[in-house]
Every structure is written in C-alpha cells, then in structure tokens.
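For reference, the chains in residue letters:
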Amino acid sequence: QVQLVESGGGLVQPGGSLRLSCAASGGIFSLYTTGWYRQAPGKQRDLVASITSGDSTNIADSVKGRFTISRDNAKNTVYLQMNSLKPEDTAVYYCNVNIKRGVGTPDIDYWGQGTQVTVSL
C-alpha cells in the first residue's frame, strides 16, 4: 500500500509559478513510475507529466516548456515545477504512482487526494 500526500497548490496570477510536491510512504518509491495528472471541472483527468524510475520523463504538449517534473528518491517525493501559468492550467492536480507487475497482471495505481491550482487575476 502506497500513501501519497500532495502540497503546494493555491491561487496564482497568470504568468506566475507554483511548485507541487507529493510525498510517498509505503512501497519502494524509487522503483515506481510517478507523475501528475489534472482534472478541470467537467473534464476528464489527463496526464500532465510522468517520470520513470530511470528518470525518463513524459510531458504533455500543453505544458511542455513550462512545467518540469523531478523526483528525489531519498525523500520519496516527486515535484512539479509550474512556470508561466495560464488560466487554462486551473484544475485539481493529482499525484500518481504506477506499479507494474508481471506480464498479464494489471498495473496498480495509487492516487493522492488532489490539490487545487487556480490561475486567475
């Protein structure tokens, strides 16, 4: 069982920056792919960025060049640095840990409780 606790959300003006943190407990964090998803009202939850155990990253086109994902395995924490924020970045941001198991066995996903990011004047 993996528990995830997010922090760092809030209200920011357009063009501003925020850094989200997600602290994990349980499991072996360094082995897992972890990432951030977001969900705006009335929309589906979409991937924002992910980072593998080998530090390979996948960044959504909509945030490429503005957002950076990183991890600190010593602290069991994943970060999302968000710069040049836009109103369309407003959403609840969720931390995710994805645990792959053997061939033919479904992955296990764990989710944080979500943190609100609002970009507005």
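Residues numbered from 1 in each chain as written. Predicted model: local features only at pLDDT ≥ 70, side-chain atom pairs only at ≥ 80, totals over all residues. Heavy atoms only, no water.

Undergrad: What's the story with the nonpolar core in this structure? I'm lost.
TA: Soluble globular proteins tend to pack their nonpolar side chains together in the buried interior. Core analysis: the largest hydrophobic core is formed by 30 residues, its most contacted members being Trp-36, Leu-80, Met-82 and Tyr-93. Put simply, the parts of the chain that give this core at least two residues each are β3 (18–25), β5 (46–51), β7 (67–72), β8 (77–82), β9 (91–99) and β11 (115–119). With residues near it in sequence (within four places) discarded, Tyr-93 still touches Glu-6, Leu-20, Trp-36, Tyr-37, Arg-38, Val-48, Phe-67, Leu-80, Met-82, Gly-114, Thr-115 and Val-117. (Core = buried A, V, L, I, M, F, W, Y, C linked by side-chain atoms within 4.5 Å. Buried < 20%, exposed > 50% of the residue type's maximum accessible area, 1.4 Å probe, protein only. Helix = DSSP H or I, 4+ residues; strand = E, 2+ residues; numbered from the N terminus. Contact = heavy atoms within 4.5 Å.)

Undergrad: Would you mind showing me how to read the packing of aromatic side chains here?
TA: Aromatic ring pairs are described here by two measures, namely the spacing of the ring centres and the angle between the planes. The full count for this structure, using the stated rule, is one aromatic pair. When the ring centre of Trp-111 is taken as reference, the NZ or CZ atom of Arg-45 above it lies at 4.7 Å. Note that Arg-71 overlies the ring of Phe-29, its terminal NZ or CZ placed 4.7 Å from the centroid. (Phe/Tyr/Trp six-rings, centres within 6.5 Å; stacked < 30°, edge-to-face > 60°. Lys NZ or Arg CZ within 6 Å of the ring centre and 35° of its normal.)

Undergrad: For this particular structure, what's the right way to read the side chain of Ser-21?
TA: One can find Ser-21 in strand β3. Not counting the four nearest positions on each side in its chain, Ser-21 is found in contact with Val-5, Glu-6, Ser-7, Trp-36, Thr-77, Val-78 and Tyr-79.

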